[in-house]
Amino acid sequence: MNKMTVQCIDSSTMTHQQLRSFIQIMKEAIGATSGKRSNYIVELGLDLTSPFAFLLGRDNFTQEQKVFAEGIFCIVMNIPMRRQEQLWINGTTWYPKNKNRVEAPMEQSRLDYDFMMEISDRPKDWEEILKVSSTTFTKLTKGDIAPYDLIRPSIALMQFGFPEPEQFFTRL
């Protein structure tokens, strides 16, 4: 069996604000915030979850996608627009930490809306990552759910590549 190599941008030197800017600027460049994606972006195969994928890693980025991400990195870091091939590493360095998290058993927890909005302020991004409707997302963040309805979102975060999905949950 072949072992999959997950590559991502080494974000270990980026501040929280730079990470947030990377996500926001890329979403704007993709057209995800306006809902209008150019043929260029469609051809690249990018969507509103792409900024997260570049930070968390995938095994199949194309060369064109990598160059796009490197360009956004240059803008965020205010450096000349040049290839940044040294950015790509195996594994992830982005471990979002919820400093306001209050640990609790799953049946006494909810998705932490405030923490999620610190990372990306568009609920639509999270609905896409979690594969839920806006109504379900609202229920998950308010705790208006059955005790084990958080299993699916927890697994969805893990499947998407978030290394510590529990960081997205807090006590009701």
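These figures come from a predicted structure and were not determined experimentally.

Conventions and cut-offs
Residues numbered from 1 in each chain as written. Predicted model: local features only at pLDDT ≥ 70, side-chain atom pairs only at ≥ 80, totals over all residues. Heavy atoms only, no water. Salt bridge = Lys/Arg side-chain N within 4 Å of Asp/Glu carboxyl O. Helix = DSSP H or I, 4+ residues; strand = E, 2+ residues; numbered from the N terminus. Axes fitted to C-alpha atoms, helices over the stretch in contact; angles between N-to-C directions. Parallel < 35°, antiparallel > 145°, perpendicular 65-115°, else oblique. Left-handed = near helix turned anticlockwise from the far one by under 90°. Contact = heavy atoms within 4.5 Å. Nonpolar A, V, L, I, M, F, W, Y, C, P; charged D, E, K, R; others polar. Buried < 20%, exposed > 50% of the residue type's maximum accessible area, 1.4 Å probe, protein only.

Under the defined criterion, the tally for this structure stands at 8 salt bridges. Across the pair Glu 164 and Lys 97 runs a salt bridge, and its minimum N-O distance is 2.5 Å. You can see Glu 164 sitting in the loop between α8 (151-160) and β4 (169-171) and its partner Lys 97 sitting in the loop between β2 (88-90) and β3 (109-111), a full 67 residues away along the chain. Taken together, the salt bridges that share partners define one network made up of Lys 27, Arg 122 and Asp 125.

What follows covers the packing of helix α1 (residues 16-30) against helix α4 (residues 63-77). The interhelical angle for the contact between α1 and α4, taken along N-to-C directions, is 125°, at an axis separation of 9 Å. If you check the angle between α1 and α4, you find them oblique. Here α1 runs over α4; the crossing is right-handed. Residue-level inspection shows Gln 18, Ser 21, Phe 22, Ile 25, Met 26, Ala 29 and Ile 30 of α1 in contact with α4, the latter providing Phe 68, Ala 69, Ile 72, Phe 73, Ile 75, Val 76 and Met 77. The residue inventory of the contact of α1 with α4, partitioned by class, reads 12 nonpolar, 2 polar and no charged.

Even without being a glycine, Asn 78 presents a positive backbone phi close to 55°. Structurally, Asn 78 is set in the loop between α4 and β2. For Lys 131, which is not glycine, the phi dihedral falls at a positive 60°. Examined against the element boundaries, Lys 131 turns out to sit in the loop between α6 (123-130) and α7 (134-142). Taking the relative accessible area as the measure of exposure, Lys 131 reaches 70% and is therefore exposed.

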